[in-house]
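# Observations on the three-dimensional arrangement
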Amino acid sequence: MTEGVSAPAPAGRWPRRILFVSLALNLFFVGAWAAFAWRHYAWERHRPWTPAMRIERLADSLPHADADKLRAEFRGRQSNIEAAVASYRQAQRAVREALRAEPFDPAALRAAMAEARSARSRLDEALQDVIATAGAMMTPEGRRSLADWTPYRRSGNEKNR
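What comes next concerns the included structure. (Residues numbered from 1 in each chain as written. Predicted model: local features only at pLDDT ≥ 70, side-chain atom pairs only at ≥ 80, totals over all residues. Heavy atoms only, no water.)

## Focus on a nonpolar patch on the surface
Here is the rule: A patch is a set of surface residues, each over 30% in relative accessible area and not in a salt bridge, joined within 9 Å for like charges and within 5 Å for the nonpolar side chains Val, Leu, Ile, Met, Phe, Trp and Tyr. The method behind every accessible area is Shrake-Rupley, applied with a 1.4 Å probe, and residues are considered shielded solely by the protein chains displayed. The working definition used for a salt bridge is a side-chain nitrogen of Lys or Arg within 4 Å of a carboxyl oxygen of Asp or Glu. A run of DSSP states H or I qualifies as a helix once it reaches four residues; a run of E qualifies as a strand once it reaches two. Both are numbered from the N-terminal end.
A cluster of nonpolar side chains, contributed by Phe20, Val21, Leu25, Phe28 and Phe29, occupies part of the molecular surface with about 570 Å² of accessible area. Tracing the backbone through its elements, the reader meets Leu25 in helix α1 (residues 14–42).

The following block contains the structure:
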């Protein structure tokens, strides 16, 4: 008996199409993963927040002359604001220390939290004083820009305020 070699099955286009679709899907998912990773790790939200950064972002949205007024007012009060930031950071450390303390003392934690709220309030007041004083010197267009400013990125889906 002779052994017959069977002929290969005719190759159609389906295996090639499946390979192409699989490759396209893999590239899509790798690209989507890379975009999400970039968004998560590389954007500015992971930089430490400072009042100077916030004022600079705010000034960037204003007309040039009004932005200069805001920056000048901030520079004039920067030492007070830096002291308020240091006080707030220290209050935050005290809250963390109270949470880690053994034995745990709820009263000490509440006192530390109250001090943190107070320190944050003083920081907010200092920054708001800068904006209010600079706003009094700005043009109506600059004040409108201040009113429309948001610290968050807009997606375009928000309603006008």
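Resuming the write-up.
## What to know about the nonpolar core
Let me state the cut-off plainly: In these notes, a set of buried Ala, Val, Leu, Ile, Met, Phe, Trp, Tyr and Cys residues joined through side-chain atoms within 4.5 Å is what counts as a nonpolar core. Relative accessibility decides the category of a residue: with a 1.4 Å probe and only protein chains considered, values under 20% of the type maximum give buried, values over 50% give exposed, and everything between is partly exposed. In this description, contact between two residues means that some pair of their heavy atoms is separated by no more than 4.5 Å.
Among the nonpolar cores identified, the biggest contains 25 residues, and Leu62, Leu70, Phe74, Ile81, Leu123, Val130 and Met138 are the most heavily contacted of them. Of all elements in the fold, only α2 (51–60), α3 (64–100) and α4 (106–137) reach the threshold of two or more residues within this core. Here this core gets 10 residues from one element, more than from any other, and that element is α3. Once residues lying within four places of it in the same chain are set aside, the contact partners of Met138 are Leu62, Asp66, Lys69, Leu70, Arg143 and Leu146.

## Examining α3
The line we're drawing: Here the bend at each residue means the angle between axes fitted to two seven-residue stretches, the one ending at that residue and the one beginning there.
The sharpest bend along α3 comes to roughly 60 degrees, located at Arg77. Every buried residue belonging to α3 is among Asp66, Ala67, Leu70, Glu73, Phe74, Ile81, Ala84, Val85, Tyr88, Ala91, Val95 and Ala98, and all of these are buried. Check the buried side of α3 and you find it contacts α2, α4 and α5 (140–148).

## Structural notes on the packing of α3 against α4
Pairs of packed helices are described in terms of their axes, by the angle between the two and the distance that separates them. In plain terms, the rule: Whenever a helix is involved, its axis is fitted only over the stretch in contact; in every case the axis is a line through C-alpha atoms, and angles between N-to-C directions fall within 0 to 180 degrees. Oblique is the label for every angle not falling under 35 degrees (roughly parallel), over 145 degrees (roughly antiparallel), or within 65 to 115 degrees (roughly perpendicular). Each residue is assigned to one of three groups, with Ala, Val, Leu, Ile, Met, Phe, Trp, Tyr, Cys and Pro labelled nonpolar, Asp, Glu, Lys and Arg labelled charged, and all others, Gly among them, labelled polar.
Axis separation between α3 and α4 bottoms out at 8 Å; the angle between their running directions is 170 degrees. By the criterion of interaxial angle, the relationship of α3 to α4 is roughly antiparallel. In terms of residue class, the contact of α3 with α4 is built from 24 nonpolar, two polar and seven charged.

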